[in-house]
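So you can see what is in the structure, the chains are spelled out below.
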2 protein chains.
Amino acid sequence: MSRPQEFNTQEALSQAMQVFWRKGYEATSMADLLIATGLSKSSLYATFNSKREIFLAAFDDYRRSRAKDMLKILSEGPARVTLEKFFQMAISDAWTCNGQGCMSINQAVELATVDIEVANRVRGDFLGMEQVFSKTITRGQKEGSIKSSMTAPDLAKIFVVAFPGLQVMVRAGCEVDDIEKRLTSLLSVLD
Amino acid sequence: MSRPQEFNTQEALSQAMQVFWRKGYEATSMADLLIATGLSKSSLYATFNSKREIFLAAFDDYRRSRAKDMLKILSEGPARVTLEKFFQMAISDAWTCNGQGCMSINQAVELATVDIEVANRVRGDFLGMEQVFSKTITRGQKEGSIKSSMTAPDLAKIFVVAFPGLQVMVRAGCEVDDIEKRLTSLLSVLD
């Protein structure tokens, strides 16, 4: 059975998110959100009480979708290969999105400095990512694709720090070649 | 012999920088810069032709000062210890500055996305930092404070990625304890 209402809400949240990234949270008005989502005032307010509530719902939706993508990529193949794929994807996503209306770690961080509920989510996401890396690395050490004698939690911590680090470099317009070399060095700690 | 004019220009640039960080580049007006620096319109325009010129001069001044601090810290003691000190300082600076009127990697990156001359400087700074790390690590491997068999350039690349990564985490309000643990894991690749 199809669920058109739920589908529309997800679509609306995704449209809303685009506006928030493009204009910034402060500059986005309810009028902007009505235009972007194509929803009527009454149906938008029937679901959400405020701009902030729409933002948090859209952000959660985005986070869920990214976490799902991450788990999928990291589960398909030998751990060493999947970690490389994951970071290649994170870098190429950051290139694609640079300057456009889509989420970056920087934007999340800028919002986190002014909104404690956003900060809690961003912090939690880093911890969640660290756990997923750690599990993947443990699997890699068991199957043999990861040879490093460092512990999986230690290695996971290095990679969780590298994630925003690489994204910042893409955003700062670093050369592709420089970033690729840095990723190669980073992945070599697994060997 | 003292050089009062030069000293005043440096003071003025530092004051100007504070305003740029606090208000953001776009929102800063020439009037804001006159108030912050305490300079007259004629003396400000005698040295700089535009807001952008003031910004680039202030940014260069800030970059020179940070690069000097970095070289100093990394030269005083065994390489392994100086690298730890440098990262501890970078983290505690980021804590102190969080949300206040001072430079963060994020702000530099935001400006880099809209101004090619800022982007060139930020990219160059990452490359410069990578070279300084590499020299420090080479020294550490010679003196024995760094035992890792990875090459110095590879290790340097990991640390240059970690630098903005850790700053992003501070800015996102991650727990001190989580960040300290991540730094400890990161430094352990040197052992």
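Counting starts from 1 at the beginning of each chain's written sequence and moves along it residue by residue. Think of it this way: whatever chain is written first is A, whatever ligand is written first is 1, and the rest follow in order. Side-chain atom pairs in this predicted model are given and counted only at pLDDT of 80 or more, local residue features only at pLDDT of at least 70, and totals for whole chains, interfaces and linings cover all residues.

Caption draft 1: Main features of the overall build of chain A. Secondary structure elements are defined from DSSP: runs of H or I of at least 4 residues count as helices, runs of E of at least 2 residues count as strands, and each element is numbered from the N terminus. Of regular secondary structure, chain A possesses nine helices and zero strands. Along the chain direction, N to C, the helices and strands of chain A fall in the order α-α-α-α-α-α-α-α-α. Counting only C-alpha atoms, chain A reaches 60 × 40 × 30 Å along its principal axes. Expressed as a percentage of its 191 residues, the buried residues of chain A come to 34%. Expressed as a percentage of contacts within chain A between residues at least 6 apart in sequence, the contacts between residues at least 24 apart total 62%. Residue burial here comes from a neighbour count, namely the number of other C-beta atoms, placed from the backbone, that lie within 10 Å of the residue's own C-beta, with 20 or more meaning buried, 12 or fewer meaning exposed, and in between meaning partly exposed. Placing C-beta atoms from the backbone, we regard two residues as in contact once those atoms come within 7 Å.

Caption draft 2: Region of the structure containing the domain arrangement of chain A. Either an automatic procedure or a domain database provided the assignment from which the domain bounds are taken. Partitioning chain A into domains gives domain 1 (1-58) and domain 2 (76-190). Centre-to-centre separation of domain 1 of chain A and domain 2 of chain A, based on C-alpha positions: 29 Å.

Caption draft 3: Structural detail: the interface of chain A and chain B. With 36 residues of chain A at the interface, the matching set in chain B holds 36 residues. For the side of chain A that touches chain B, the secondary structure elements donating two or more residues are helix 6 (105-112), helix 7 (116-143), helix 8 (152-171) and helix 9 (176-187) of chain A.

Caption draft 4: Structural context of the environment of alanine 162 of chain A. With respect to the helices and strands, alanine 162 of chain A occurs in helix 8. Distance in space between the C-alpha atoms of alanine 162 of chain A and arginine 182 of chain A is 9.8 Å, their sequence separation being 20 residues. The residues touching alanine 162 of chain A, leaving out its near neighbours within four places in the chain, are Leu186 of chain A together with Val161, Ala162 and Gly165 of chain B.

Caption draft 5: Geometry of the packing of helix 8 of chain A against helix 8 (residues 152-171) of chain B. Under this scheme, a helix contributes an axis fitted over its contacting stretch, all axes are lines through C-alpha atoms, and angles between N-to-C directions fall in the 0 to 180 degree range. Where helix 8 of chain A contacts helix 8 of chain B, the two axes come as close as 7 Å, and the packing angle between them is 105°. Between helix 8 of chain A and helix 8 of chain B, the angle is such that the two are roughly perpendicular. Where helix 8 of chain A approaches helix 8 of chain B, its residues Val161, Ala162, Phe163, Pro164, Gly165, Leu166, Val168 and Met169 of chain A are matched on the opposing element by Val161, Ala162, Phe163, Pro164, Gly165, Leu166, Val168 and Met169 of chain B. Considered class by class, the residues forming the contact of helix 8 of chain A with helix 8 of chain B number 14 nonpolar, two polar and no charged. Orientation labels follow simple angle bins: below 35 degrees gives roughly parallel, above 145 gives roughly antiparallel, 65 to 115 gives roughly perpendicular, and whatever is left gives oblique. Residue type decides the class: Asp, Glu, Lys and Arg count as charged, Ala, Val, Leu, Ile, Met, Phe, Trp, Tyr, Cys and Pro as nonpolar, and the leftover types, Gly among them, as polar.

Caption draft 6: Here's a closer look at the relation of the copies chain A and chain B. Here the copies are matched by least squares. The fit uses the C-alpha atoms of residues with pLDDT of at least 70 in both. Mapping chain A onto chain B calls for a rotation angle of 180° and an axial translation of 0.0 Å; the resulting RMSD is 0.0 Å. Viewed as a symmetry operation, the transformation between the two copies matches a two-fold axis. For chain A, the smallest separation between a C-alpha atom and the rotation axis is recorded for glycine 165 of chain A, amounting to 1.8 Å. Of the interface residues in chain A, 100% have counterparts in chain B that sit at the interface too, so the contact is made through matching surfaces.

Caption draft 7: Spotlight on the packing of helix 5 (residues 79-97) of chain A against helix 8 of chain A. Residues and elements named next belong to chain A. Close contact between helix 5 and helix 8 brings their axes to 9 Å; oriented N to C, the two are set at 30°. As for the relative orientation of helix 5 and helix 8, their crossing is right-handed in sense. When helix 5 is examined against helix 8, the residues Phe87, Ala90, Ile91, Ala94 and Trp95 are found in contact with a partner set consisting of Phe163, Leu166, Gln167, Val170 and Arg171. Here the contact of helix 5 with helix 8 is composed, by residue class, of eight nonpolar, one polar and one charged. Working rule for handedness: look at the near helix, and if it is turned counterclockwise from the far one by less than a right angle, call the crossing left-handed; if clockwise, right-handed.

Caption draft 8: A look at the environment of leucine 83 of chain A. Residue position: leucine 83 of chain A is located in helix 5. C-alpha of leucine 83 of chain A to C-alpha of glycine 140 of chain A: the two residues are 57 residues apart in sequence and 9.8 Å apart in space.

Caption draft 9: Helix 9 (residues 176-187) of chain B, seen in detail. For helix 9 of chain B, built from twelve residues, the straight-helix expectation of 16 Å at 1.5 Å per residue is met to within 8% by its first-to-last C-alpha distance of 16 Å. Those residues of helix 9 of chain B lying buried are Ile179, Arg182, Leu183, Ser185 and Leu186 of chain B. Viewed end-on, helix 9 of chain B has its buried residues packed into an arc of 160°, placing them on one side of the element. Turned more than 90 degrees off the buried face of helix 9 of chain B, the exposed positions are Val176, Asp177, Glu180 and Thr184 of chain B. Residues of helix 9 of chain B that are buried in the fold lie against helix 8 of chain A together with helix 5 (79-97) and helix 8 of chain B. Multiplying 1.5 Å by the residue count of a helix minus one yields the expected span of that helix. Here, the arc refers to the directions that run from the helix axis to the C-beta atoms.

Caption draft 10: Region of the structure containing the confidence of the model for chain A. Within a predicted model, pLDDT stands for the predictor's per-residue confidence, ranging from 0 to 100. Residues of chain A with pLDDT of at least 70 account for 92%, and the chain-wide mean is 88. Scored as a complex, the prediction yields pTM 0.89 and ipTM 0.88.

Caption draft 11: Quick peek at the environment of phenylalanine 159 of chain A. Structurally, the position occupied by phenylalanine 159 of chain A is in helix 8. Linking phenylalanine 159 of chain A and isoleucine 105 of chain A, residues 54 residues apart in sequence, is a C-alpha distance of 15 Å.

Caption draft 12: Just helix 4 (residues 51-75) of chain B, in detail. Spanning 25 residues, helix 4 of chain B covers 36 Å between terminal C-alpha atoms, matching the ideal 36 Å at 1.5 Å per step. Every buried residue of helix 4 of chain B is listed here: Ile54, Phe55, Ala58 and Phe59 of chain B.

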